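# Structure at a glance
Single-letter residue listing:
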Amino acid sequence: NVEKNLNNAKELFQSQLNQIFSQKGDGWVEKELGELCEKIQDGAHHSPKIQYEEKLNNRYLYITSKNIRNNYLDLSNVSYVDESFHNTIYPRCNPEAGDILITKDGANTGNITLNTLEEPFSLLSSVCLIKTNRKLLLPSFLKGYIQSPVGFKNITGKMTGMAIKRIILKTIKQAEIPLPDLNIQQQIVEQLDDLYEKTQSLESNYQQELDALDELKKSILQKAFNGEL
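What you are looking at is a predicted structure, and each value in this text was computed from that prediction instead of being measured.

A few words now on helix H1 (residues 2-23). Residues three or four positions apart in an α-helix share a direction because the helix packs 3.6 residues into each turn. Here H1 spans 31 Å end to end across 22 residues, near enough to the 32 Å set by a 1.5 Å rise per residue. At Glu 11, H1 shows its largest kink, close to 25 degrees. Among all positions of H1, only Val 2, Leu 6, Ala 9, Phe 13, Gln 16, Leu 17, Ile 20 and Phe 21 are buried. Looking at the buried side of H1, the elements it contacts are helix H3 (139-147), helix H4 (149-156), strand E11 (176-179) and helix H6 (182-225). Positive backbone phi, approximately 55 degrees, marks Lys 24, located one or two places after H1.

If you want it as structure tokens, here you go:
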């Protein structure tokens, strides 16, 4: 029952996303993503010759697909590059706080988060940077759309490659998104943020219950083997 409740909590957020972006509302228009963004660009197309484990002066974070998770950046395993390598990438692909980062290559294709880092860093080509025109499209609204079943299919449904799946930049730019005005976008973002926080709390509680039940099972089995029951 706890496992079922955990799955239901996970599906609740997806269900709400699907309802919002599949039904849409009055006054919504379809626009190509490229029309609504100031930049859609990937990172370096070649890996640096040297990567460093420690951050020192004139070194920059090097973010790849392994660091992009849904709704957060995983910085538990990061490396750094020198200034000369960083300067070959950053003028073309310059992530700033609030921009969207989406994995475009590999097993985690479609993972998406907002950039929460205030410092400049370098990206590998497996990650796509999306800078929306915030007078037209809120980054958080676009993130919600891409996380919805309809949006995810729209962005990733035409992935190329046999062994390694990838989304090409042209596909991302040509993907259509249903767009309401900014006030409606903000209302939807606030609604989704509230729901996400609640579902994450539910998931955490159910996971704790599962962990406790697992420990109880181990304890009972140990007592059984020791003849204490």
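Throughout the structure, instances matching the rule amount to 10 salt bridges. Ionic pairing is found between Asp 42 and Arg 92, a salt bridge with its closest N-O pair at 3.6 Å. Within this pair, whereas Asp 42 is found in strand E2 (residues 37-42), its partner Arg 92 is found in the loop between helix H2 (83-89) and strand E7 (100-103), the two being separated by 50 residues in sequence. With a relative accessible area of 3%, Asp 42 lands in the buried category. Put simply, Asp 42 and Lys 104 hold a salt bridge, and the shortest N to O gap is 3.4 Å. On the criterion of sequence distance, the pair formed by Asp 42 in strand E2 and Lys 104 in the loop between E7 and strand E8 (112-114) is long-range, its members being 62 residues apart. Residue classification places Lys 104 among the buried residues on the basis of a relative accessible area of 7%. A single salt-bridge network, built from bridges that share partners, covers Asp 42, Arg 92, Lys 104 and Asp 105.

On to H4. Every buried residue of H4 is accounted for by Gly 151, Ile 155 and Thr 156. Looking straight down H4, one finds that the buried residues subtend no more than 110 degrees of arc, so they occupy a single side. Close packing links the buried residues of H4 with E7, H3 and helix H5 (169-174).

This brings us to the packing of aromatic side chains. For the structure on display, the rule yields 4 aromatic pairs. Ring geometry for Tyr 62 against Phe 85: centres 5.9 Å apart, planes inclined by 80 degrees, an arrangement best described as edge-to-face. Placement of Tyr 62 in strand E3 (residues 59-63) and of Phe 85 in helix H2 is noted, with a sequence separation of 23 residues between them. In this structure Tyr 62 comes out as buried when scored by relative accessible area, which is 1%. One aromatic cluster is present, built from ring pairs that chain together Phe 21, Trp 28, Phe 141 and Tyr 145. When the ring centre of Tyr 52 is taken as origin, the NZ or CZ atom of Arg 59, which lies over that ring, is 3.8 Å away.

Time to look at the packing of H3 against H4. Contact geometry of H3 with H4 gives a least axis separation of 4 Å together with a crossing angle of 85 degrees. With respect to H4, the axis of H3 lies roughly perpendicular. Contacts between H3 and H4 involve Tyr 145, Ile 146 and Gln 147 on the former and, on the latter, Pro 149, Val 150, Gly 151, Phe 152, Asn 154 and Ile 155.

Here we come to the nonpolar core. Residues Leu 33, Ile 130, Phe 141 and Leu 142 are the most contacted members of the largest nonpolar core, which totals 31 residues. Residue assignment for this core shows that the elements contributing at least two residues are H1, E2, E7, strand E10 (127-132), H3, H5, E11 and H6. If sequence neighbours within four positions are ignored, Phe 141 has contacts with Phe 21, Trp 28, Ile 177, Pro 178, Pro 180, Gln 185, Ile 188 and Val 189. Judged by nonpolar contacts, the second largest core, of 20 residues, contains Tyr 60, Leu 73, Cys 93 and Leu 124.

Conventions used here
- Residues numbered from 1 in each chain as written.
- Predicted model: local features only at pLDDT ≥ 70, side-chain atom pairs only at ≥ 80, totals over all residues.
- Heavy atoms only, no water.
- Helix = DSSP H or I, 4+ residues; strand = E, 2+ residues; numbered from the N terminus.
- Expected span 1.5 Å × (residues − 1).
- Bend = angle between axes of the 7 residues up to and from the residue.
- Buried < 20%, exposed > 50% of the residue type's maximum accessible area, 1.4 Å probe, protein only.
- Contact = heavy atoms within 4.5 Å.
- Salt bridge = Lys/Arg side-chain N within 4 Å of Asp/Glu carboxyl O.
- Arc of directions from axis to C-beta.
- Phe/Tyr/Trp six-rings, centres within 6.5 Å; stacked < 30°, edge-to-face > 60°.
- Lys NZ or Arg CZ within 6 Å of the ring centre and 35° of its normal.
- Axes fitted to C-alpha atoms, helices over the stretch in contact; angles between N-to-C directions.
- Parallel < 35°, antiparallel > 145°, perpendicular 65-115°, else oblique.
- Core = buried A, V, L, I, M, F, W, Y, C linked by side-chain atoms within 4.5 Å.

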